[in-house]
Amino acid sequence: MATSHIESKLEDIAPIVLMPGDPLRAKYIAENFLDNPKLINRVRNMFGYTGTYKGKRVTVFASGMGIPSIGIYSYELYKFYNVEKIIRIGSCGTYDKDIKVLDVILSTGAYCKSYFDELFDGVDIDFIQSSDSLNRSIMNTAKRDNIKLCVGKTITSDIFDVYCDDKERFRDNFPDMKFLGIEMEAFGLFYMARKLNKEAACLMTVVDSLYDKRSLSSEEREKSLDEMIKLALESII
Ligand code: HPA
């Protein structure tokens, strides 16, 4: 079997998927964290790998950037490959003074102004919660492993707001919301999980901040990324 964007066989994909945005990050995770990783998708270079972590079968599959891209991959994985749970492991920005670069955020739900929901189903949804049960596993694992986690609502934007000339004006689009992070995919993933009765969660490393302008070494970035990947993997076993 294959879909419009995935060439894998049905049995090639595990019921639990970790989903970074970047295909090369999927490769990095497979090569550094999984046992016996097998490349199971190469269409459009949107790499997917299936292997095991501490004996548990898991697929790592990239989403690409933005709601349209993650919308396509999460739809096909949930609908045609019987995937039950997807955990996005991405990066985000923040407008919150108390959140520092390299902090890890767990999104309890994503607020979004996109037209995606209206086009897809003729509905008008502004906010979608992530899976309570996945979030509980992630929070319990973080507590057990002494990992600091910032837990709260996030925003999914159709633009990379870093390039927005007037940040105040952009921020004013979301007046009532106390939100921890901003990124471009979570709403699309949570939307598909809700639509297809599946589960989704989203972990993000903060890489851009309006206030914390430290420049980071590649070691610092890698360490924070590895911690988030490990947290996601430990949460599903
Ligand atoms: N904004 C939106 N998406 C992002 C950001 C950001 O600052 N950083 C990484 N993804």
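Residues numbered from 1 in each chain as written. Predicted model: local features only at pLDDT ≥ 70, side-chain atom pairs only at ≥ 80, totals over all residues. Heavy atoms only, no water.

Chemist: Explanation requested: the site of the ligand in the structure shown.
Modeler: Neighbouring the ligand are Ser91, Cys92, Gly93, Phe160, Asp161, Val162, Ile182, Glu183, Met184, Val207 and Asp208. Within the contact set of the ligand, a nitrogen atom lies 2.5 Å away from a side-chain nitrogen or oxygen of Asp161. Here a nitrogen atom of the ligand and a side-chain polar atom of Asp208 are 2.7 Å apart. Starting from 260 Å² of accessible surface for the ligand in isolation, the protein chains cover 91%. Mapped onto the shell around the ligand, the elements with two or more residues apiece are strand S5 (85-94), strand S9 (181-183) and strand S10 (199-209). Counted by class, the shell around the ligand contains six nonpolar, two polar and three charged residues. (Near = heavy atom within 4 Å. Polar contact = N/O pair within 3.5 Å; in protein donor to acceptor, adjacent residues only side chain to side chain. Areas by Shrake-Rupley, 256 points an atom, 1.4 Å probe, with all protein chains shown as cover. Helix = DSSP H or I, 4+ residues; strand = E, 2+ residues; numbered from the N terminus. Nonpolar A, V, L, I, M, F, W, Y, C, P; charged D, E, K, R; others polar.)

Chemist: Can you help me understand the nonpolar core in this one?
Modeler: As a rule of thumb, soluble globular proteins bury nonpolar side chains together. Residues Phe61, Leu77 and Leu203 are the most contacted members of the largest nonpolar core, which totals 68 residues. A total of seven residues in this core trace back to one element, the largest contributor, which is helix H6 (residues 186-195). Counting residues in hydrophobic clusters, the runner-up holds nine residues, among them Tyr95, Cys164, Met177 and Ile182. (Core = buried A, V, L, I, M, F, W, Y, C linked by side-chain atoms within 4.5 Å. Buried < 20%, exposed > 50% of the residue type's maximum accessible area, 1.4 Å probe, protein only.)

Chemist: It is not clear to me how the packing of aromatic side chains should be interpreted in this structure. Could you clarify?
Modeler: Aromatic ring pairs are reported here in terms of the distance separating the ring centres and the angle at which the planes meet. Scanning all chains against the criterion turns up 14 aromatic pairs. Between the aromatic rings of Phe187 and Tyr191, the centroid separation amounts to 6.2 Å while the plane-to-plane angle is 35°, which identifies the pairing as tilted. Of this pair, Phe187 and Tyr191 both sit in helix H6, four residues apart, which is roughly one turn of that helix. Of the two residues, Phe187 and Tyr191, both sit in the buried class. An aromatic cluster is present here, built from Tyr75, Phe80, Phe116, Phe120, Phe187 and Tyr191 joined pairwise through their rings. Above the plane of the ring of Phe127 lies Lys153, whose end atom (NZ or CZ) is 5.5 Å from the centre. (Phe/Tyr/Trp six-rings, centres within 6.5 Å; stacked < 30°, edge-to-face > 60°. Lys NZ or Arg CZ within 6 Å of the ring centre and 35° of its normal.)

Chemist: Looking at this model, I keep getting lost on the environment of Leu225. Mind explaining?
Modeler: The topology assignment puts Leu225 in helix H7 (residues 218-235). The spatial distance from the C-alpha of Leu225 to the C-alpha of Ile138 is 15 Å, given a sequence separation of 87 residues.

Chemist: I keep staring at helix H2 (residues 67-80) and nothing clicks. Help me out?
Modeler: In an α-helix, one turn spans 3.6 residues; hence positions three or four apart end up facing the same way. In this model H2 runs 19 Å from its N-terminal to its C-terminal C-alpha over 14 residues, within 8% of the 20 Å that 1.5 Å per residue would give. Turning to H2, its buried residues number three or more, namely Ile67, Ser69, Ile70, Gly71, Tyr73, Ser74, Glu76, Leu77 and Tyr78. Phi for Asn82, located one or two positions after H2, is positive at around 55°. (Expected span 1.5 Å × (residues − 1).)

Chemist: What is the right way to read the pairing of strand S6 (residues 104-112) from this model?
Modeler: As a general feature of sheets, a regular strand has side chains that alternate between the two faces. Within S6, eight of the nine residues are buried, which leaves it mostly tucked inside the rest of the structure. Pairing analysis gives three bridges linking S6 to S10, with the strands arranged antiparallel. In the strand pairing of S10, Leu106 is matched with Leu203. Bridge count for S6 against strand S7 (residues 127-129) is three bridges, and the pairing is antiparallel. Bridge pairing in S7 links Tyr111 to Phe127. (Pairing = 2+ DSSP bridges.)

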